[in-house]
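The chain contents come next:
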Amino acid sequence: MSADNSIIWIQNFIDNRFSPPRDGAYIDSYDPSTGKVIVKVPDSSEDDVNDAVKAAMTAFQTWSVTPVERRAQLMLRIADLIESRLEAFAEAESRDQGKPLWLARTVEIPRAVLNFRSFATSASHHVNISTHQEVMGALNYTVRHAAGVAVLISPWNLPLYLLTFKIAPAIAFGNTVVCKPSEMTSLTAWMLCQVLIDAGVPSGVVNMVFGTGPKAGSALVGHPDTRLISFTGSTATAEKIRSMSAPFCKKISLELGGKNAAVIFGDADLEKAIPATVRSSFLNQGEICLCTSRIFVHNSIFHDFLAKFCAETER
């Protein structure tokens with residue numbers, strides 16, 4: 001991807017086809033390093049969501065009964081293709097989200113590759129659980145079936161990494177998905193769509209609807225034909241998702257971050273504790289749900305720790 005001043009107009013990805021939003025509305029997405037608009041993101045409506053869910057429902061009929069070996073083969077192909085385009089993905093992620101290029105290149109894009117490879121392997125070796133009760137002459141066993149259409153709503157801090165962390169397990173076990181990436185960091189999700197085409201993923205298995213939470217996200221969460229919701233984001237939004245999905249008894253997974261504490265004891269080796277705490281606090285600008293946000297330091301070493309922590313941070 002060139003670093004010129006051209007604006008990229010991305011499109012929704014529904015039924016393996018790129019299409020503009022039905023009402024033609026777009027959202028500006030900015031390069032954090034310059035403040036300039038670099039991407040025009042679809043401001044998708046309920047009509048776009050309905051199209052995507054319909055495509056996913058149709059695809060579910062065949063994808064859910066596709067042999068796991070075939071699903072795994074396609075996912076491994078996706079991983080290989082992302083890996084072959086790693087530099088392009090890394091440059092796009094850095095420019096769109098604002099993170100250092102080295103971090104996107106060495107951590108985030110490789111982790112996206114690993115997500116598909118890991119769950120492809122996991123699905124291939126998955127076994128059902130059974131127990132034999134000889135005294136009762138009974139055999140108990142569990143059979144797992146794909147649930148249906150999953151709604152995957154991913155955040156802006158680790159765009160491709162967390163999106164693929166949702167897509168991979170969902171499709172590995174036979175579900176189809178409609179994704180809504182953050183409207184602030186949609187570029188690599190759009191690039192992933194071309195990878196899905198090139199890998200040969202069947203139409204409708206993975207759909208991408210771009211836009212805002214109140215508009216596209218709400219339509220997805222409240223759609224009567226979506227069965228699963230995976231959301232990473234704020235607690236306030238999660239409360240709305242729970243309320244909207246409750247009448248349908250949907251399965252939901254909510255990752256809402258937290259206040260992560262580091263505890264530094266009086267006998268801690270500060271030569272190790274300081275670099276580790278600085279890294280855990282500020283990696284990816286501190287924009288990771290697992291980043292250290294509070295540090296509890298024993299009184300006996302507090303001032304020494306504080307001085308060295310500030311020095312290391314400034315360095």
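Just so it is clear, the model here is predicted, and its values are computed rather than measured.

Novice: Talk me through the pairing of strand β12 (residues 251–255); I want residue IDs and the actual numbers.
Specialist: Note that strand β11 (residues 228–232) and β12 share five bridges and pair parallel. Pairing of I229 across the sheet is with I252, part of β12. In this fold, the crossover linking β11 to β12 by way of helix α8 (residues 235–245) has right-handed handedness.

Novice: Outline the nonpolar core, supporting the account with residue identities and numerical values.
Specialist: If you look at the biggest cluster of nonpolar residues, it comprises 53 residues, and the most contacted ones within it are I82, F116, I167 and I171. Setting aside residues no more than four positions away along its own chain, I167 makes contact with F116, L152, C179, L192 and V206. Counting 19 residues, the second-largest nonpolar core is a separate cluster that includes V53, L220, I229 and A238.

Novice: Lay out the sheet that holds strand β5 (residues 37–42) with the relevant residues and their values.
Specialist: A sheet is described by the order of its strands in space; here three strands give the open sequence β1-β5-β4, paired in mixed fashion. In this open sheet, the two strands that pair with only one neighbour each are β1 (8–9) and β4 (26–30). The pairing of β4 with β5 spans five bridges and is antiparallel. In the strand pairing of β5, I27 is matched with V41.

Novice: Which residues make up the packing of aromatic side chains, and what are the values?
Specialist: Here the structure, examined in full by the defined rule, presents six aromatic pairs. With centroids separated by 6.1 Å and ring planes inclined at 50°, the aromatic side chains of F119 and F165 adopt a geometry described as tilted. Of this pair, F119 sits in helix α4 (residues 101–124) while F165 sits in helix α5 (residues 159–172), and the two are 46 residues apart along the sequence. On the basis of an interplanar angle of 40° and a centroid distance of 6.3 Å, the ring pair of F282 and F309 is categorised as tilted. With a gap of 27 residues between them, F282 in helix α9 (residues 270–282) and F309 in helix α10 (residues 302–314) connect regions that are remote in the sequence. Judged by its relative accessible area of 43%, F282 is partly exposed. Exposure remark for F309: the relative accessible area of 12% places this residue in the buried category. Joined through ring pairs, the aromatic side chains of F119, Y161 and F165 make up one cluster. Sitting over the ring of F248, K250 keeps its end group 4.9 Å from the ring centre.

Novice: Describe α4, naming the residues involved and giving the relevant values.
Specialist: With 24 residues, α4 should reach 34 Å at 1.5 Å per residue; the first-to-last C-alpha distance of 34 Å fits that figure. Of all the bends in α4, the greatest, near 25°, is centred on R111. Looking at α4, one finds that the buried residues are L103, A104, E108, I109, A112, V113, N115, F116, F119, A120 and A123. The elements touched by buried residues of α4 are α2 (68–84), α3 (86–97) and α5.

Novice: Before we move on, could you go through a nonpolar patch on the surface and cite the residues and values that matter?
Specialist: Side chains of L139, Y141 and V143 sit close together on the surface and give an oily, nonpolar patch of about 340 Å² of accessible area. Its location among the elements puts Y141 in strand β7 (residues 138–141). For Y141, a relative accessible area of 59% gives the class exposed.

Cut-offs used in this document
- Residues numbered from 1 in each chain as written.
- Predicted model: local features only at pLDDT ≥ 70, side-chain atom pairs only at ≥ 80, totals over all residues.
- Heavy atoms only, no water.
- Pairing = 2+ DSSP bridges.
- Helix = DSSP H or I, 4+ residues; strand = E, 2+ residues; numbered from the N terminus.
- Right-handed = clockwise from strand over helix to strand, strands pointing away.
- Core = buried A, V, L, I, M, F, W, Y, C linked by side-chain atoms within 4.5 Å.
- Buried < 20%, exposed > 50% of the residue type's maximum accessible area, 1.4 Å probe, protein only.
- Contact = heavy atoms within 4.5 Å.
- Phe/Tyr/Trp six-rings, centres within 6.5 Å; stacked < 30°, edge-to-face > 60°.
- Lys NZ or Arg CZ within 6 Å of the ring centre and 35° of its normal.
- Expected span 1.5 Å × (residues − 1).
- Bend = angle between axes of the 7 residues up to and from the residue.
- Patch = residues over 30% accessible without salt bridge, like charges linked within 9 Å, V, L, I, M, F, W, Y side chains within 5 Å.
- Areas by Shrake-Rupley, 256 points an atom, 1.4 Å probe, with all protein chains shown as cover.
- Salt bridge = Lys/Arg side-chain N within 4 Å of Asp/Glu carboxyl O.

These figures capture arrangement, not role.
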